[in-house]
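# Summary of structural features
The residues making up each chain are set out below.
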Amino acid sequence: MKKELKVAAIKEGTVIDHIPAEHTFKIAEMLRADSLKNVVSVASNLDSKKIGKKGIIKLGGMRLGDKEAQKIALLAPNATLSIIKNYKVVQKKKLELPDEVIGIVRCFNPNCISNKEVVERRFAVERKSPPALRCFYCERLMTEDDLKVL
Amino acid sequence: MKSIVSIRNLSREDILYILSLADRIHTANYSGDLLKGKILATLFYEPSTRTRLSFESAMMRLGGRIIGFSDPKISSVAKGETLYDTIKMVESYSDIIAIRHPSDGAAALAADTAKIPVINAGDGANQHPTQTLLDLYTIQKSKGRLDGLKIGMAGDLKYGRTVHSLADAMGHFKSELVFISPPELQMPKEQKNELSARGVRWKETEDLQKAIRELDILYMTRIQKERFADLVEYEKVKGCYILNRQMLSGAKKDLRIMHPLPRVDEISSDVDDTQYQLYFEQAKNGVTVRMALLAMLLGKIR
């Protein structure tokens, strides 16, 4: 079968691949893709051998910071991130959550002190995929459905 | 260890070390001037007379002094000061802090903020580690060990912070846990899964009377009416979890009964003068364990 490029290539920027299809637009929204000035392509429900249906987001002229990469890893723990220069992939990595995440999610416990005072929101990552985070303050464990990304 | 915030942060060795210090404090009958010149700040953002007095008694018995508040309505808190700012102020006024706060995680924030040691005296629904340590000390002192026991926990296991922490801590020891409660108030699934994952043996039953027969320790807690959406259900179950002398007829001779106190009616007074009663001793041990913690965190005993 002829290999076909489903989403137009970009000259410079970042490609996020292997996003579970149901999270493609959520991640695009999280990255505020709608307000970017450069080329943005979003494709979803593409066939994937690895994860069934996947999404791809290509962000022209943009490099992601650590916090953005961690936020993506929360929703798409198996996603890959490629840096593109002059139409070539110069760096490709699998996204992975670090052992501790700071400042990317809000604790789901309304009685947690981190929702009452101005503090750094800290979580120990107890499981990376699917993610399970334990709040440094109130010690409650948050899993997929509870995660409130900042 | 700089602070005592959560029982989760303590290893088996940490726990045994703290209990051994408590034992030394107890047998040496420590009093006098071990903590002379030291100041404990008791910051009680919600009332808990028993815990506060126990901390203050522990500090005074070791020759230390106390500052603090037990009614946030009349303190700077009422003026809207943040916990962070209060801690920054108090750390320059004292050598160690004991904090009780209605928000989960307040003690972790205090310990993270303060340069001086912090002891969690209860943070919301989360942790009350000194209660757990005194429970463990009481079991060890009464039974001579923490391994190889059958420990029953009865009553409200769903919302009871005390039993959650105790189960968590007992997971370090090779004892079997028996959770005794009505179906509405069972131990949370998350906690049971965690215990299983750690290889802790536990089982669940509704029948207190039957379970009593095989236990070495029975830890009673109160079933609160407010926890029931259907009061008919409450009326049905409440009687089954009120312990009286007659229910103890099939118990092992060396069964001991514990309770974090205050009790309301979940242990009838005819149990008080039986050989099984351990809850008054348990309350007394609270001072000993807190003496050990204060002395340890201030570097005066090792």
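Residues take numbers from 1 onward in each chain, read along the sequence in its written order. Chains and ligands are labelled by the order in which they are written, letters from A for the one and numbers from 1 for the other. Local features are withheld for residues below a pLDDT of 70 in this predicted model, meaning they are given only at 70 or higher, and side-chain atom pairs are given and counted only at 80 or more; totals for whole chains, interfaces and linings count all residues. The side-chain quantities take in all heavy atoms of the structure and omit both hydrogens and water.

### A closer look at the overall build of chain A
Which entries qualify depends on this criterion: Helix and strand definitions here come from DSSP, where helices need a minimum of 4 consecutive H or I residues and strands a minimum of 2 consecutive E residues; each element is numbered from the N-terminal end. In this description the radius of gyration comes from C-alpha coordinates, and the expected globular size is given by 2.2 Å times residues to the power 0.38. Whether a residue is buried, partly exposed or exposed follows from its accessible area with a 1.4 Å probe, protein chains only, as a fraction of its type maximum: under 20%, in between, or over 50%, in that order. Only four residue types enter the tally: Lys and Arg on the positive side, Asp and Glu on the negative side, with His and both chain ends excluded. Note on charges: their place is set at NZ of Lys, CZ of Arg, CG of Asp or CD of Glu.
Scanning chain A from N- to C-terminus turns up two helices and 11 strands. Taking 150 residues into account, the globule formula puts the C-alpha radius of gyration at 15 Å, and chain A, at 17 Å, falls close to it. With respect to the principal axes defined by its C-alpha atoms, chain A has extents near 55 × 30 × 25 Å. Burial analysis of chain A (150 residues in total) assigns 49% to the buried set. Positive and negative side-chain charges of chain A, numbering 29 and 19 respectively, have mean locations separated by a distance of 6 Å.

### Describing the pairing of strand β3 (residues 52-60) of chain A
All names here are of chain A. Note the following rule: At least two bridges found by DSSP between two strands are what make those strands a pair.
The buried fraction of β3 is high, at seven of nine residues. Examined bridge by bridge, strand β2 (residues 40-48) and β3 share seven bridges and lie antiparallel to one another. Bridge pairing in β3 links Asp47 to Lys53. With antiparallel pairing between neighbouring strands as the criterion, β2 and β3 make up a hairpin whose turn holds three residues.

### Description of the sheet that holds β3 of chain A
Residues and elements named next belong to chain A. Put simply, the test is: A fitted line through C-alpha atoms represents every axis, and for helices the fit uses only the stretch in contact; the resulting angles, taken between N-to-C directions, go from 0 to 180 degrees.
Pairing in this open sheet of five strands is antiparallel, and the strands run β2-β3-β1-β4-β5 from one edge to the other. For this open sheet the edge positions go to β2 and β5 (88-94), each flanked by a neighbour on one side alone. Shown here is a sheet whose adjacent strand axes are inclined to one another by a mean of 20°, direction ignored. Examined bridge by bridge, strand β1 (residues 13-20) and strand β4 (residues 80-85) share five bridges and lie antiparallel to one another. Bridge assignment links Asp17 to a residue of β4, and that residue is Thr80.

### Overview of the nonpolar core
To be explicit about the condition: Within this scheme, the nonpolar core is defined by two criteria: the residues are buried Ala, Val, Leu, Ile, Met, Phe, Trp, Tyr or Cys, and they are joined through side-chain atoms within 4.5 Å. Domain extents, as shown, originate in an automatic or database domain assignment. Throughout, a residue-residue contact means that at least one pair of heavy atoms, one from each residue, lies within 4.5 Å.
Membership of the largest hydrophobic core comes to 56 residues, with the highest contact counts inside it found for Met153 and Leu177 of chain B. Looking at which element gives the most residues to this core, the answer is helix α10 (residues 279-297) of chain B, with nine residues. Built from parts of two domains, this core gets at least three residues from each of domain 1 (7-127 + 286-297) and domain 2 (129-283) of chain B. Those residues in contact with Leu177 of chain B that lie beyond four places of it in its chain are Ile151, Met153, Ala167, Met170, Leu195, Val200, Arg201, Trp202 and Lys203 of chain B. Listed in part, the 55 residues of the second largest apolar core include Ala28, Met62 and Ala73 of chain A together with Ala111 of chain B.

### Brief notes about the interface of chain B and chain A
This is how the line gets drawn: In this description, buried area is defined as the sum, over both parts, of the accessible area (probe of 1.4 Å) that is lost when the two are combined. Salt bridge, as applied in this entry: a Lys or Arg side-chain nitrogen positioned within 4 Å of an Asp or Glu carboxyl oxygen. Between N or O atoms, a polar contact is any pair within 3.5 Å; within protein, one atom must be a potential hydrogen donor and the other a potential acceptor, and residues adjacent in sequence are included only when both atoms are from side chains. Three categories are distinguished: nonpolar for Ala, Val, Leu, Ile, Met, Phe, Trp, Tyr, Cys and Pro, charged for Asp, Glu, Lys and Arg, and polar for the others, with Gly belonging to the last.
Listed per partner, the contact involves 19 residues of chain B and 15 residues of chain A. When chain B packs against chain A, close to 1,200 Å² is buried across both sides, 43% of that on carbon and sulfur atoms. The largest per-residue losses of area from chain B upon contact with chain A belong to Arg8, Asp104 and Leu109 of chain B, which jointly make up 38% of the total buried on that side. Joining chain B to chain A, the criterion identifies three salt bridges. Of the charged contacts in the structure, one is a salt bridge between Glu139 of chain A and Arg8 of chain B, with a shortest N-O distance of 4.0 Å. The interface formed by chain B and chain A includes 11 residue pairs in polar contact (both at pLDDT 80 or more). Put simply, the parts of the chain that give the side of chain B that touches chain A at least two residues each are α3 (83-90), α4 (106-113) and α7 (189-197) of chain B. Looking at the side of chain B that touches chain A element by element, the count peaks at four residues for α4 of chain B. Its residues assigned to classes, the side of chain B that touches chain A shows six nonpolar, eight polar and five charged.

### A few points about the sheet that holds strand β5 (residues 150-154) of chain B
All names here are of chain B. Ordered by their spatial adjacency, five strands build an open sheet running β7-β6-β5-β8-β9, and the pairing between neighbours is parallel. In this open sheet, the two edge strands, each paired with only one partner strand, are β7 (202-205) and β9 (256-258). Geometrically, the sheet is characterised by an average inter-axis angle of 20° between neighbouring strands, direction not taken into account. For strand β6 (residues 176-180) and β7, the ladder comprises four bridges, and the chain directions are parallel. By the bridge assignment, Phe179 is partnered in β7 with Glu204. Running at roughly 170° to β9, helix α5 (residues 129-143) makes contact with β5, β8 (217-220) and β9 of the sheet. Across the sheet, helix α6 (residues 161-170) is in contact with β5, β6 and β8; its angle to β5 comes to roughly 165°.

### A look at the domain arrangement of chain B
Residue and element names in this part refer to chain B. What the domain assignment lists for chain B is domain 1 (7-127 + 286-297) and domain 2 (129-283). Taking only C-alpha atoms, the centre of domain 1 and the centre of domain 2 are 26 Å apart. Residue-level contacts link 29 residues of domain 1 with 24 residues of domain 2. With both sides pooled, the region where domain 1 packs onto domain 2 buries about 2,200 Å², and carbon together with sulfur makes up 59% of that total. Considering only the surface of domain 1 that becomes buried against domain 2, Ile7, Arg12 and Leu19 emerge as the three largest contributors, covering 29% of it. Applying the counting criterion to the domain 1 and domain 2 interface returns three salt bridges. Asp147 is paired through a salt bridge with Arg12; the nearest N and O atoms lie 3.2 Å apart. The interface formed by domain 1 and domain 2 includes eight residue pairs in polar contact (both at pLDDT 80 or more).

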